[in-house]
Amino acid sequence: MLAGIEAGGTRMVCAVAEHPAHIRERIEIPTTTPEETFGHIRDFLKAQRSVRAIGVAAFGPVDIDKRSKTYGQVLNTPKPGWTGASWFKAFSGFTVPFKIESDVSGACLGEYAHGAGRHQKTLAYVTVGTGIGAGIVNDGRVRNGTGHYEMGHIPVRRDPDDTYGGHCPFHADCLEGLACGPAIQARWGEPLSHLGEGAVALEASYLSQLALTIILAHMPGRIIVGGGVMKTPGLIEALREQTQDRLAGYVRRGALSGDLSDYIVPPGLGEAAGVTGALLLAQQAAREAVER
Ligand code: ZN
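Draft legend 1. Region of interest: the coordination of the zinc ion. Distances from the zinc ion to its protein donors, namely His-153 (ND1), Cys-168 (SG), His-171 (ND1) and Cys-174 (SG), fall within the range 2.1 to 2.4 Å. Relative to the metal, the four donor atoms surrounding the zinc ion lie at angles of 102 to 119 degrees, and the coordination shape comes out tetrahedral. One chain supplies every donor for the zinc ion, spaced along it as H-x14-C-x2-H-x2-C. Judged by its relative accessible area of 6%, Cys-168 falls in the buried class. What makes His-171 partly exposed here is its relative accessible area of 42%.

Draft legend 2. Structural view of the nonpolar core. Counting 43 residues, the largest nonpolar core has Leu-175, Leu-207, Ile-214 and Ile-223 as its most contacted members. Among the elements of the structure, strand 6 (122-128), strand 7 (132-138), helix 4 (175-179), helix 5 (181-188), helix 6 (197-218), strand 9 (222-226) and helix 7 (235-247) are those that each provide at least two residues to this core. Take this core: its biggest share by element is 11 residues, from helix 6. Ignoring sequence-local partners within four residues, the contact set of Ile-223 consists of Ala-124, Val-126, Ala-211, Ile-214, Ile-215, Tyr-263, Ile-264 and Val-265. In terms of nonpolar packing, the next biggest core, distinct from the first, is built from 29 residues, Ala-3, Ala-7, Phe-44 and Ile-100 among them.

Draft legend 3. How the structure looks around the pattern of salt bridges. Taken as a whole and assessed by the stated rule, the structure comprises 14 salt bridges. A salt bridge links Glu-271 to Arg-11, with the shortest nitrogen-to-oxygen separation between them at 3.9 Å. Taken together, the positions of Glu-271 in the loop between strand 10 (264-265) and helix 8 (273-291) and Arg-11 in strand 2 (residues 11-19) put the pair 260 residues apart, joining distant regions of the chain. Take Arg-11: its relative accessible area is 29%, and that puts it in the partly exposed class. Residue Glu-18 is joined to Arg-24 by a salt bridge in which the shortest nitrogen-to-oxygen separation is 3.2 Å. The exposure class of Glu-18 is partly exposed, given its relative accessible area of 44%.

Draft legend 4. Spatial organisation of the packing of helix 5 against helix 6. Contact geometry for helix 5 and helix 6: axes closest at 13 Å, N-to-C directions at 140 degrees. The orientation of helix 5 relative to helix 6 falls into the category oblique. Seen from above, helix 5 lies across helix 6 with right-handed handedness. Of helix 6, the residues touching helix 5 (which contributes Ile-184, Arg-187 and Trp-188) are Ala-199, Leu-202, Glu-203 and Tyr-206. Grouping the amino acids of the contact of helix 5 with helix 6 by side-chain chemistry returns five nonpolar, no polar and two charged.

Draft legend 5. Molecular detail of the packing of aromatic side chains. Applying the stated criterion to the full structure yields 10 aromatic pairs. Judged by centre distance (6.3 Å) and plane angle (70 degrees), the ring pair of Phe-38 and Phe-91 falls under edge-to-face. Of this pair, Phe-38 sits in helix 1 (residues 34-46) while Phe-91 sits in the loop between helix 2 (87-90) and strand 5 (98-102); the two residues are 53 residues apart in sequence, bridging distant segments of the chain. Residue classification places Phe-38 among the buried positions, given a relative accessible area of 7%. Residue Phe-91 is classed as buried on the basis of its relative accessible area of 3%. Seen in terms of ring centroids, Phe-59 and Trp-82 are 5.5 Å apart; in terms of plane orientation they differ by 70 degrees. Their pairing is edge-to-face. Of the two residues, Phe-59 sits in the loop between strand 4 (53-58) and helix 2 while Trp-82 sits in the loop between strand 4 and helix 2, which places them 23 residues apart along the sequence. Three or more aromatic residues joined by ring pairs form one cluster here, namely Phe-38, Phe-59, Trp-82, Trp-87, Phe-91 and Phe-94.

Cut-offs and rules
- Residues numbered from 1 in each chain as written.
- Predicted model: local features only at pLDDT ≥ 70, side-chain atom pairs only at ≥ 80, totals over all residues.
- Heavy atoms only, no water.
- Donors = N, O, S within 2.8 Å, 3.2 Å for Na, K, Ca; no water.
- Tetrahedral: all angles 85-135°; square planar, octahedral: opposite > 155°, others 65-115°.
- Buried < 20%, exposed > 50% of the residue type's maximum accessible area, 1.4 Å probe, protein only.
- Core = buried A, V, L, I, M, F, W, Y, C linked by side-chain atoms within 4.5 Å.
- Helix = DSSP H or I, 4+ residues; strand = E, 2+ residues; numbered from the N terminus.
- Contact = heavy atoms within 4.5 Å.
- Salt bridge = Lys/Arg side-chain N within 4 Å of Asp/Glu carboxyl O.
- Axes fitted to C-alpha atoms, helices over the stretch in contact; angles between N-to-C directions.
- Parallel < 35°, antiparallel > 145°, perpendicular 65-115°, else oblique.
- Left-handed = near helix turned anticlockwise from the far one by under 90°.
- Nonpolar A, V, L, I, M, F, W, Y, C, P; charged D, E, K, R; others polar.
- Phe/Tyr/Trp six-rings, centres within 6.5 Å; stacked < 30°, edge-to-face > 60°.

As structure tokens, this is what we get:
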């Protein structure tokens, strides 16, 4: 049995499956302290028969470098109590293969294998919610550098009429600082779905700069956009339009030559993308252990 954990800042989804696309059993628990949360997940996994590998798609930042002494550890996070908590150590008692990636990389992997990213060589997944993140999967593998990508923090050109200072504690008005859910709430006092076309257009103008960056840097076959903010009516359409404007005819091939309606798309797996990706990470960990 494979075990997958989608570790979000507010809730955890744990699932077991013989095959990542067919979840046999799953639970959802609130994210509280690391000790309590890890304990609940271990209890769930111990009640399953023969867990043979564990995959985690975790909120970040998290150390995903296997050679690192702090592999599997949550890095500097504003989430109270979680800095230094180790996913790797939490499950070392199971003595099974283990693999961890960022939550958005996990969701990207899930969509690549079983969702809206099937048949793509390279896939990008962007999430816009409490934070902004993006993951890339190429030929079935999550792409990383020395750590997972941090594309939510790219600098963006500000709208000259936007006087909001920005929400990011590190960069103030980076993309996440201007366009994540809490930034929208701080600028307008309401969620985007309660605001008009102008607010949606401003949000799309920021997000389209990330879409453009991803296209120019990674040339994915498709970009999947998920997260709570992306559910705002009209936002995905505005994002396609502004991304096409920013491309300015420079890249015209395949799905990039049209109106992007088949290029920038919502997740095919909906809320299940992350946990499916975590199960795929478990599967990869099991295979890599055999190859070694
Ligand atoms: Zn930032």
